[in-house]
Number of protein chains: 2
Amino acid sequence: MNNEPSIDVISSVLPPASVLVGTEIGPKYFTDWFGRPVPPPSIVVRPSSTAEVSKLLALCDANNWTVVSQGGMTGLVSAALPHPNEIVLSLDRMSRMLEVDVKAKTMTVEAGISLQQVHESAEEHGLMFPLDLASRGSATIGGTIATNAGGTMVIRFGMMRELVMGLEAVLADGTVVNAMHPLLKNNTGYDVKQNFIGTEGTLGIVTKAILRLFSKPKEKTVALCAVKGFSELVSLLDSVRNDMEGGLFAFEAMWGSYYELAISLPNVKAALPAGSPFYALVEIADFDGASRLENLLQEALTANCISDAVIAKSEAEARAIWCIREAALDAVGQKSPFVTFDVSLRLDRMMAYLDAVERQINSALGAATVSTIAHLGDNNLHVAVHYDAKLGDVRADVKQIVYRVTGDYQGSISAEHGIGIEKRDYLHHSRSKEEIALMRKIKHSLDPNHVLNPNRIFRT
Amino acid sequence: MNNEPSIDVISSVLPPASVLVGTEIGPKYFTDWFGRPVPPPSIVVRPSSTAEVSKLLALCDANNWTVVSQGGMTGLVSAALPHPNEIVLSLDRMSRMLEVDVKAKTMTVEAGISLQQVHESAEEHGLMFPLDLASRGSATIGGTIATNAGGTMVIRFGMMRELVMGLEAVLADGTVVNAMHPLLKNNTGYDVKQNFIGTEGTLGIVTKAILRLFSKPKEKTVALCAVKGFSELVSLLDSVRNDMEGGLFAFEAMWGSYYELAISLPNVKAALPAGSPFYALVEIADFDGASRLENLLQEALTANCISDAVIAKSEAEARAIWCIREAALDAVGQKSPFVTFDVSLRLDRMMAYLDAVERQINSALGAATVSTIAHLGDNNLHVAVHYDAKLGDVRADVKQIVYRVTGDYQGSISAEHGIGIEKRDYLHHSRSKEEIALMRKIKHSLDPNHVLNPNRIFRT
């Protein structure tokens with residue numbers, strides 16, 4: 001059991017500006033993206049430097065105090081909300097842009113910087129950082145590293161893991177690990193940074209990072225296609241991927257039921273009529289992308305793979321098409337109550353999986369429907385299960401069923417959102433017991449006193 | 001100190017076909033790529049299954065015996081040669097192709113399969129596996145995973161780390177860790193496979209893997225350019241990268257001194273005359289790559305960035321151009337004695353680094369010259385330092401100087417070859433002491449009795 005932290009001791013080693021107590025603690029430190037607040041913590045530490053993070057953690061390690069680390073509070077697995085007796089460690093004051101190296105195409109930042117600031121600074125230099133999320137204004141680089149964030153461009157640029165060249169992290173005992181290597185290739189022993197990417201702050205607190213930047217494409221083309229069936233959707237993905245080489249920036253699939261919900265929103269315009277079983281949003285970056293894509297879609301029409309398609313003629317039309325996809329939460333929110341899932345399945349198992357989910361929920365709970373969108377090229381489905389309000393709160397039952405079926409189909413119960421607290425009890429559906437034992441071994445080795453984000457991912 | 005293994009005990013738990021002793025042990029088990037043999041081991045274990053690997057390791061862990069794991073013996077850092085009392089664990093009988101899934105674009109293999117077999121099986125299905133090495137006929141998938149191998153296509157497809165979707169590994173105590181997830185996205189706790197990629201067999205023995213396959217490009221275009229200076233070389237890289245998007249498959253730079261050595265070989269044809277300070281081999285995959293590349297090179301000529309260029313008109317011409325680059329060992333071997341290095345530097349530090357290397361070796365040892373080639377887009381230099389034979393064996397002095405200078409310029413002493421035994425004593429030039437301490441902590445946690453490849457990477 002963690003001890004109650006001593007405000008006096010912490011205040012004696014950190015500057016006053018770095019410590020908040022009592023009414024100084026605003027709701028942002030105990031409320032997450034879902035808007036569900038928990039009881040406020042007794043103390044929030046907002047270090048201004050790595051040295052302060054180190055001091056705090058050394059103190060926690062010595063006194064059996066625990067910390068919960070916070071970035072932009074936009075995570076979707078309830079990992080960053082403080083539990084009783086936990087010290088909130090917020091990186092919100094460590095948000096400086098340290099360097100943009102245009103030639104080397106790297107950016108060095110403090111972990112608390114927002115994704116949006118990273119995008120804007122890259123753009124100022126004619127470059128791009130190819131990871132984007134709807135929560136870009138709040139989400140921080142530290143948070144996206146800790147959760148190995150994904151998004152819509154993973155099909156071309158990979159997840160956060162592929163975009164971090166180097167980082168600095170503070171271990172549970174206060175040791176500062178400097179792994180700030182500005183190098184793409186560096187096979188010098190274990191790749192130390194992997195311990196801090198996607199481990200949800202349980203092995204160390206990321207304080208700085210060197211990010212990879214890329215050239216901004218000269219032109220982008222966005223198209224929306226009405227697709228006749230799932231196998232046709234996969235064919236379309238294949239042919240775009242084969243023809244466009246690395247020019248394919250996004251391939252977002254929307255099931256017909258989702259599309260209808262989305263276009264019924266007042267601020268969303270239907271770029272194509274409803275009624276098709278599937279829709280695909282395709283984004284191509286290429287100096288002659290428009291004409292190449294037009295040819296390819298013409299072929300798909302002739303081959304009876306798609307029934308209709310529209311290519312955006314302007315930036316505004318492109319934005320309107322993206323809007324159909326990005327309105328996801330509002331769209332599915334129209335059919336409340338619902339539970340959303342972020343799962344990953346082999347392409348050839350997706351349809352059978354979705355059928356099984358719908359069938360099993362129906363047989364257990366009665367009339368449920370499913371709205372689905374997918375980062376199809378990444379195996380990643382976002383599924384909303386809508387159930388009857390009369391059933392009361394059956395969220396736990398729905399989750400149990402969906403995660404069990406995900407395991408049956410050898411899927412991942414978390415493609416990109418992480419485990420946190422939300423999915424902790426279902427981890428065994430996607431990881432073997434030897435894998436989980438290995439995770440625990442590493443946790444125990446790096447944080448024997450369970451200082452860092454305890455009970456996230458697995459119970460400690 | 002490790003104990004001498006008991007042949008009787010090992011033979012009593014493993015089938016006879018899995019154990020070699022005495023004169024049954026051929027030189028391949030104690031000779032590496034450099035042809036330098038060491039004393040033969042007393043026992044070689046060649047398991048036919050993961051279960052046998054597990055049995056052997058459990059036995060070793062209980063008896064304080066140590067193993068050295070072997071793939072194709074093509075590593076360049078002397079990691080796989082047996083030390084006294086080490087049991088050789090060769091994966092050469094676990095070399096089966098288990099599955100090619102054309103739709104999901106994955107291949108499942110046993111770790112002992114050769115890279116060339118992987119290439120051939122992918123090609124049979126119209127797909128490609130985008131990691132290639134000169135040693136492809138012998139190098140195994142297990143070895144390329146353990147060393148996180150690189151090669152010429154890293155600029156487009158990344159290193160082995162990016163190409164492994166899932167794997168199975170056996171821990172030092174015999175525990176089989178099944179992380180065979182056929183999924184691109186899988187944020188379910190720690191990414192267990194990272195512990196076995198690039199860790200040189202010190203944390204576990206990889207027994208199976210699921211690899212990512214890609215569509216084979218319809219067309220490839222290869223060009224060789226004579227480039228006027230280093231900054232022009234970087235400009236050319238930038239413009240090819242910007243214009244070709246993901247179509248750039250390789251950008252290999254050759255310094256003039258290397259080029260002259262290469263084209264003086266009897267089997268290498270000069271595609272362009274000698275005399276230019278730099279040469280760049282550019283490979284583009286794209287359905288209209290040839291015309292796009294032609295335009296781009298025309299612009300580079302006009303901008304006075306390159307002085308000459310030739311685009312291969314046939315497969316044979318493309319091969320001939322690649323031959324100039326791939327003849328590296330023969331080319332530099334003409335000026336013996338020499339020591340080769342595989343280092344990684346930020347682009348903007350490369351030239352100053354090379355100057356410093358040449359200057360410092362000259363001032364310490366007298367007349368030395370340097371031949372350099374580079375995977376330029378990956379920060380990776382392969383440098384050969386030629387020294388005067390009259391100096392005797394000064395290899396150790398040359399290494400000491402080069403690695404020290406690499407550290408001074410914040411470079412990596414191993415971009416892609418790994419550390420093994422060869423570079424072990426220089427690791428501190430590229431990794432902070434906190435990083436090395438972290439590596440040791442993880443090693444101790446997963447292999448407390450130092451069963452697996454002890455003393456590789458760091459002394460155990």
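Residues numbered from 1 in each chain as written. Chains lettered and ligands numbered in written order. Predicted model: local features only at pLDDT ≥ 70, side-chain atom pairs only at ≥ 80, totals over all residues. Heavy atoms only, no water.

Chemist: For this particular structure, what's the right way to read the sheet that holds strand E2 (residues 43-45) of chain B?
Modeler: Note on sheets: strands pair through backbone hydrogen bonds, and any given pair is parallel or antiparallel. Residues and elements named next belong to chain B. Read from one edge of the open sheet, 4 strands run E1-E2-E4-E3, paired in mixed fashion. Bordering the open sheet on either side are strand E1 (19-21) and strand E3 (66-70), each of which pairs with just one other strand. In this sheet, adjacent strand axes meet at a mean angle of 25 degrees when their direction is disregarded. Bridge count between E2 and strand E4 (residues 86-90): 2 bridges; the pairing is parallel. Residue pairing across strands places Val45 opposite Leu89, the latter belonging to E4. (Pairing = 2+ DSSP bridges. Helix = DSSP H or I, 4+ residues; strand = E, 2+ residues; numbered from the N terminus. Axes fitted to C-alpha atoms, helices over the stretch in contact; angles between N-to-C directions.)

Chemist: Looking at this structure, I do not really get the side chain of Thr199 of chain A. What am I missing?
Modeler: Within the secondary structure layout, Thr199 of chain A lies in the loop between strand E9 (176-179) and strand E10 (205-212). At 2.8 Å, the side chain of Thr199 of chain A and the backbone oxygen of Asn195 of chain A are in polar contact. With residues up to four places along the chain from it excluded, the contact list for Thr199 of chain A reads Ala146, Gln194 and Ile457 of chain A together with Tyr190 of chain B. (Polar contact = N/O pair within 3.5 Å; in protein donor to acceptor, adjacent residues only side chain to side chain. Contact = heavy atoms within 4.5 Å.)

Chemist: Please explain the interface of chain A and chain B as it appears in this structure.
Modeler: How big an interface is tends to be reported as the loss of accessible area on association of its parts. Taken together, the 90 residues of chain A in the interface contact 90 residues of chain B. Buried area between chain A and chain B, summed over both chains or domains, comes out near 7,100 Å², and the portion from carbon and sulfur atoms is 52%. Where chain A touches chain B, the interface holds 11 salt bridges. Between Asp238 of chain A and Lys105 of chain B there is a salt bridge, and its shortest N-O distance comes to 2.8 Å. Seen at the junction of chain A and chain B, the total is 38 residue pairs in polar contact (both at pLDDT 80 or more). Mapped by element, the contributors of at least two residues to the side of chain A that touches chain B are strand E5 (97-101), helix H5 (154-157), helix H6 (160-163), E9, helix H7 (230-244) and helix H14 (433-446) of chain A. Looking at side-chain class alone, the side of chain A that touches chain B contains 31 nonpolar, 32 polar and 27 charged residues. (Buried area = accessible area lost by both parts, 1.4 Å probe. Salt bridge = Lys/Arg side-chain N within 4 Å of Asp/Glu carboxyl O. Nonpolar A, V, L, I, M, F, W, Y, C, P; charged D, E, K, R; others polar.)

Chemist: What is the right way to look at the pattern of salt bridges in this model?
Modeler: Two side chains of opposite charge can pair, provided their charged atoms sit close to one another. Tallied over the full model, the rule gives 53 salt bridges over all chains. For the salt bridge of Glu123 of chain A with Lys216 of chain A, the shortest nitrogen-to-oxygen distance reads 3.7 Å. Of this pair, Glu123 of chain A sits in helix H3 (residues 115-124) while Lys216 of chain A sits in the loop between strand E11 (214-215) and strand E12 (220-227); the two residues are 93 residues apart in sequence, bridging distant segments of the chain. One network of salt bridges, in which partners are shared, links Glu99 and Asp101 of chain A together with Arg346 and Asp348 of chain B.

Chemist: How should I be thinking about the sheet that holds E9 of chain A in this particular structure?
Modeler: Residues and elements named next belong to chain A. Sheet architecture is open: 5 strands sit in the order E5-E6-E10-E8-E9, paired in antiparallel fashion. The open sheet has two free edges, formed respectively by E5 and E9, since each of these has just one partner strand. Between one strand axis and the next, the sheet turns by 10 degrees as a mean value, whatever way the strands run. In this sheet, E10 lies alongside strand E6 (residues 106-110) in antiparallel orientation, the contact comprising 5 bridges. Residue Met107 lies in a different strand from E10, and its bridge partner there is Leu211.

Chemist: I would appreciate a short explanation of the packing of H14 of chain A against helix H14 (residues 433-446) of chain B in the present structure.
Modeler: It is the contact of H14 of chain A with H14 of chain B, at a shortest axis distance of 9 Å, that shows an interaxial angle of 130 degrees. Classified by the angle their axes make, H14 of chain A and H14 of chain B are oblique. As for how H14 of chain A packs across H14 of chain B, the hand of that crossing is right-handed. Here Leu438, Lys441, Ile442, Ser445 and Leu446 of chain A of H14 of chain A lie close against H14 of chain B, whose contacting residues are Leu438, Lys441, Ile442, Ser445 and Leu446 of chain B. (Parallel < 35°, antiparallel > 145°, perpendicular 65-115°, else oblique. Left-handed = near helix turned anticlockwise from the far one by under 90°.)

Chemist: What exactly am I supposed to notice about the nonpolar core here?
Modeler: It is characteristic of soluble globular proteins that their nonpolar side chains tend to be buried jointly. In terms of nonpolar packing, the biggest core is built from 243 residues, with Ile141, Leu236 and Phe251 of chain A together with Ile141, Leu236 and Phe251 of chain B touching the most fellow members. With residues up to four places along the chain from it excluded, the contact list for Phe251 of chain A reads Ile155, Leu233, Leu236, Leu237, Val240, Ala280, Leu281, Val282, Ala374, His375, Leu376 and Gly377 of chain A. (Core = buried A, V, L, I, M, F, W, Y, C linked by side-chain atoms within 4.5 Å. Buried < 20%, exposed > 50% of the residue type's maximum accessible area, 1.4 Å probe, protein only.)

Chemist: Would you mind showing me how to read empty space enclosed by the protein here?
Modeler: Gaps left between atoms show up when a probe the size of a water molecule is rolled over them. Scanning all chains against the criterion turns up 4 cavities of 30 Å³ or more. As for the second largest cavity, its lining consists of 16 residues, and the residues nearest its centre are Gln194 and Asn195 of chain A together with Gln194, Asn195 and Ile442 of chain B. (1 Å grid on protein atoms, 1.4 Å probe; cavity = no way out; pocket = protein on both sides within 12 Å on 5 of 7 lines; lining within 4 Å. Points joined across faces, edges and corners; volume = space filled by probe spheres on them.)

Chemist: What's the story with the state of the cysteines in this structure? I'm lost.
Modeler: Such a bond, covalent and formed between the sulfur atoms of two cysteines, is termed a disulfide. Residues and elements named next belong to chain B. Counting across every chain of the model gives 0 disulfides over all chains. The structure places no disulfide on Cys225, whose sulfur is separated from the nearest cysteine sulfur, that of Cys305, by 8.5 Å. Judged by its relative accessible area of 0%, Cys225 is buried. The thiol sulfur of Cys323 is not disulfide-bonded, and the nearest other cysteine sulfur, from Cys225, lies at 18 Å. Taking relative accessible area as the criterion, Cys323 reaches 27% and is therefore assigned partly exposed. (Disulfide = S-S within 2.5 Å.)

Chemist: Got a minute to help me understand H7 of chain A in this structure?
Modeler: Turn by turn, an α-helix covers 3.6 residues, leaving residues three or four places apart pointing in a common direction. All names here are of chain A. In a regular helix each residue adds 1.5 Å, so 15 residues correspond to 21 Å; H7 covers 21 Å between its end C-alpha atoms and thus fits that length. Among all positions of H7, only Phe230, Leu233, Val234, Leu236, Leu237, Val240 and Met244 are buried. Seen from one end, H7 has its buried residues packed into an arc of 155 degrees, which puts them on one side. (Expected span 1.5 Å × (residues − 1). Arc of directions from axis to C-beta.)

Chemist: For this particular structure, what's the right way to read the packing of aromatic side chains?
Modeler: Aromatic ring pairs are reported here in terms of the distance separating the ring centres and the angle at which the planes meet. Under the defined criterion, the tally for this structure stands at 20 aromatic pairs over all chains. Where Phe458 of chain A meets Tyr190 of chain B, the ring centres are 5.9 Å apart and the plane angle is 70 degrees; that geometry is what we call edge-to-face. On the criterion of chain membership, the pair formed by Phe458 of chain A in the segment after H14 and Tyr190 of chain B in the loop between strand E9 (176-179) and strand E10 (205-212) is interchain, its members lying in two chains. Tyr190 of chain B carries the same exposure label as Phe458 of chain A, and that label is buried. Clustering of aromatic rings is evident, with ring pairs tying together Phe157, Phe214 and Phe249 of chain A. Above the plane of the ring of Phe157 of chain A lies Arg156 of chain A, whose end atom (NZ or CZ) is 4.6 Å from the centre. (Phe/Tyr/Trp six-rings, centres within 6.5 Å; stacked < 30°, edge-to-face > 60°. Lys NZ or Arg CZ within 6 Å of the ring centre and 35° of its normal.)

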